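Residue strings, one per chain:
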Amino acid sequence: MHLELVENEISGLVKPGDPGLAVGVYADGSARRTAATGAACVEFGVPIDARTRFDIASASKQFTAACVVLLARDGALSLDDDVRTHVPELALDVPVTLRQCLQHTGGLPEWYALQALTGVPLAEMTEERLLRMLSGIRATTFPPGTDFSYSNTGYILSAVVVSRVTGKSLATFARERIFSPLGMDDSVFRDDAAAALPRLAYGYANADGEPRRADTQESAVGDGGLATSVSELAAWFGFLADGRVLGADLRDALLERAVLADGTVLPYAFGIYHTEVAGRPAYAHAGGMHGYLSNLLYLPDPGFGVAVLSNQTAIDPVKLTDRLARVLLGEPPVAEPPPAAEPMPVPAGHWHDPAGDDTLTVGEGTDGAIELVVGGVPVTFTPARTAAGTARATRTEPGWPRRATGCCWAAPRRPGVRWRTCRATRRARSRCRTACTSARSWAFWPRCGTAS
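Here is a short report on the structure shown in this document. Each chain has its residues counted from 1, running along the sequence as written. Restriction of local features to residues with pLDDT of at least 70 applies here, the model being predicted, together with a cutoff of 80 or more for giving and counting side-chain atom pairs; totals for whole chains, interfaces and linings are based on all residues. Processing note: side-chain calculations cover all non-hydrogen atoms of the structure and skip hydrogens and water entirely.

**Some remarks on empty space enclosed by the protein**
Site definitions follow a grid-based scheme: protein atoms alone, a 1 Å grid, a 1.4 Å probe that fits but cannot get out for cavities, and for pockets an open set with protein on both sides within 12 Å along at least five of seven lines, plus lining residues having an atom within 4 Å of a point. Grid points are joined across faces, edges and corners, and a volume is the space filled by probe spheres set on the points. In this structure the tally under the stated criterion is four cavities of 30 Å³ or more. By volume, the second largest cavity amounts to about 70 Å³. Lining of the second largest cavity is provided by ten residues; of these, Asp 55, Thr 216, Glu 218, Ala 220 and Gly 225 occupy positions nearest its centre. Only Asp, Glu, Lys and Arg are considered charged, only Ala, Val, Leu, Ile, Met, Phe, Trp, Tyr, Cys and Pro nonpolar, and every remaining residue, Gly among them, polar. Looking at side-chain class alone, the lining of the second largest cavity contains two nonpolar, three polar and five charged residues.

**A short note on the nonpolar core**
Residue types Ala, Val, Leu, Ile, Met, Phe, Trp, Tyr and Cys, when buried and joined through side-chain atoms within 4.5 Å, form a set referred to as a nonpolar core. Only protein chains enter the accessibility calculation, which uses a 1.4 Å probe. A residue is then buried if its area is under 20% of the maximum for its type, exposed if over 50%, and partly exposed in between. In terms of nonpolar packing, the biggest core is built from 87 residues, with Phe 63, Val 83, Trp 111, Ile 178, Phe 189, Leu 233 and Trp 236 touching the most fellow members. Per the convention used, a helix needs a DSSP run of H or I reaching at least four residues, while a strand needs a run of E reaching at least two, with both numbered from the N terminus. Here the element with the most residues in this core is helix 2 (residues 61–74); it accounts for eight residues. Of all hydrophobic cores here, the second largest spans 23 residues; its members include Leu 3, Val 6, Val 277 and Leu 297.

**Regarding helix 7 (residues 153–166)**
Expected helix span is computed as 1.5 Å times (number of residues minus one). The terminal C-alpha atoms of helix 7, which comprises 14 residues, lie 20 Å apart, in line with the 20 Å expected from a rise of 1.5 Å per residue. Buried residues dominate helix 7, accounting for ten of its 14 residues. The criterion used for residue contact is that any of the two residues' heavy atoms lie within 4.5 Å. On its buried face, helix 7 is in contact with helix 2, helix 3 (83–86), helix 4 (98–103), helix 5 (111–118), helix 6 (127–134) and helix 8 (170–182). Just downstream of helix 7, Gly 167 is the residue with a positive phi angle, here 75°.

**Examining the pairing of strand 10 (residues 273–277)**
In short, DSSP must find at least two bridges between two strands for them to pair. In the sheet, strand 10 pairs with strand 11 (residues 280–289) via five bridges, with the strands oriented antiparallel. Residue pairing across strands places Val 277 opposite Arg 280, the latter belonging to strand 11. Count of turn residues in the strand 10/strand 11 antiparallel hairpin: two residues, of which Ala 278 carries a positive phi of about 50°.

**Focus on helix 5**
For helix 5, the set of buried residues is Trp 111, Tyr 112, Ala 113 and Gln 115. On its buried side, helix 5 packs onto helix 6, helix 7 and strand 11. Any pair of nitrogen or oxygen atoms within 3.5 Å is treated as a polar contact; in protein, a donor-acceptor pairing is required on top of that, and neighbouring residues in sequence qualify only through side-chain atoms on both sides. The N-capping residue of helix 5, defined by a side-chain oxygen 3.1 Å from the backbone nitrogen of Tyr 112, is Glu 110. Residue Gly 119 follows helix 5 closely and has a positive phi angle near 80°.

**Some thoughts on the packing of aromatic side chains**
Each Phe, Tyr or Trp ring (for Trp, its six-membered ring) is paired with any other whose centre lies within 6.5 Å, and the angle between the two planes then decides the class: stacked below 30 degrees, edge-to-face above 60, tilted in between. For the coordinates displayed, the defined rule picks out eleven aromatic pairs. An angle of 40° between the planes, with centres 6.3 Å apart, marks the rings of Phe 179 and Phe 189 as tilted. Taken together, the residues Phe 179 in helix 8 and Phe 189 in strand 6 (residues 188–189) connect sequence positions ten residues apart. The exposure class of Phe 179 is buried, given its relative accessible area of 1%. An aromatic cluster of at least three residues, connected via ring pairs, comprises Phe 63, Phe 179, Phe 189, Trp 236 and Phe 239.

**So, the sheet that holds strand 6**
Pairing is antiparallel in the open sheet, where three strands are placed in the order 5-9-6. Unpaired on one side and paired on the other, strand 5 (54–55) and strand 6 mark the two borders of the sheet. Relative to strand 9 (residues 226–228), strand 6 is paired through two bridges, and the arrangement is antiparallel. Looking at strand 9, one finds that Phe 189 is bridged to Leu 226.

**Considering the environment of Arg 190**
Among the structural elements, Arg 190 can be located in the loop between strand 6 and strand 7 (204–205). It is 7.0 Å that separates the C-alpha atoms of Arg 190 and Val 221, two residues lying 31 residues apart in sequence. The residues contacting Arg 190, other than those within four sequence positions of it, are Ala 195, Leu 197, Leu 200, Thr 216, Ser 219, Val 221, Gly 225 and Ala 227.

**A look at the sheet that holds strand 2 (residues 30–37)**
The six strands lie next to each other as 2-1-13-12-11-10, forming an open sheet whose pairing is antiparallel. The sheet terminates laterally at strand 2 and strand 10, the two strands that pair on one side only. Neighbour-to-neighbour, the strand axes of this sheet turn through a mean angle of 20°, independent of strand direction. Here strand 12 (residues 292–299) runs beside strand 13 (residues 304–310); their pairing, made up of seven bridges, is antiparallel. Residue pairing in the sheet places Asn 295 in a bridge with Val 308 of strand 13. Contacts from helix 9 (residues 234–242) reach strand 1 (21–27), strand 2, strand 12 and strand 13, with the element oriented near 40° to strand 12. To get an axis, fit a line to the C-alpha atoms, keeping to the stretch in contact for a helix; angles then go from 0 to 180 degrees between the N-to-C directions. Along the sheet, helix 11 (residues 317–329) contacts strand 1, strand 10, strand 11, strand 12 and strand 13; its crossing angle with strand 13, the most-contacted strand, is approximately 145°.

**Focus on unusual backbone geometry**
With phi around 65°, Arg 199 is a residue other than glycine that occupies positive phi space. Tracing the backbone shows Arg 199 in the loop between strand 6 and strand 7. Looking at Arg 199, the relative accessible area reads 33%, which means it is partly exposed.

And the structure:
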């Protein structure tokens, strides 16, 4: 591997003084190369280094899943248990298993879409308050086990199950059974977002240029909330390689792909996607929350992993990990699509998700803008050009980060919005190669292309 090329690839990505990122390359359970650029704290000019901790958002899911699967191995629960067995206050009309919670096949409504109805701001959202909200859900969006819809709700409930079964918080159980055995003593689920955490990078939204503070607010964890560093992740990549320390049986269980009732095998396993890089099998999961983006990628053959952790929203970590992996493999990078000679046609009209009864109105604005009406809220995106010539969506109102790559426009989830189907191929999101794997976001595909 040409490890010296890692610094070359990230140099120039971040302007001096801007929020940045850290990169790790791993093999055989050790960090073969780490690199960092940018500021962990823009206000005081504190630089990022290999020990800087980041909120890795939904990349945390594989660690939550490991806790639940570990309890199943201990005989304390079964992955086929009805979640109501352990959380009896849930009012669900139908059984949803822990396996379905962890593999997004339970049809559980997304809690971010419901949170706005509670009147409780994210900064005050604790597991207890969130569970009170979830206890009122009666119906699933589809019969459990028959479809895939990415939902953070199942992972919140999984964290509650860990607490009910063990009498310990997810943070404590993960520390005792996952992080301490692996030597990841600096990794922690932040179930109190207000608590000071040494060496934690502040989060910033800077997709529109100037960085604005955008720190994690909620204290409910499981679907996200893990703070870790590129120096800490070496042991986890060693576990993904061969199951060292925690057990090969636990590793193999985490990588078991979801299977729907009709026999369809999905790319999602337990907090991990099965994907490909340059034609080689890979395991990955991305994360995104407020001012943080991340991606963890492992290639079993040739046996190395790449992590990108960032405290900004202008650089796509999924594209960056793919590019770094290709460089290390000696493969050419994926060619950027040429700039369109004509503006991309806007699929104007009213769109409906029959499973969740969600609606989205799309219209064409002036000068190539896209106008959306989401849950009654008007949103306007205007096309801009990056240095590479690709389009990047820019909302006219400040403070709402988003990104677009090729023909895939993506924005953070808004209440009441959940797309599960690629509008071009009519395939389930999990079965479409253009599916957006970024956590906590929804995506709308006018046609197939490169997902963000």
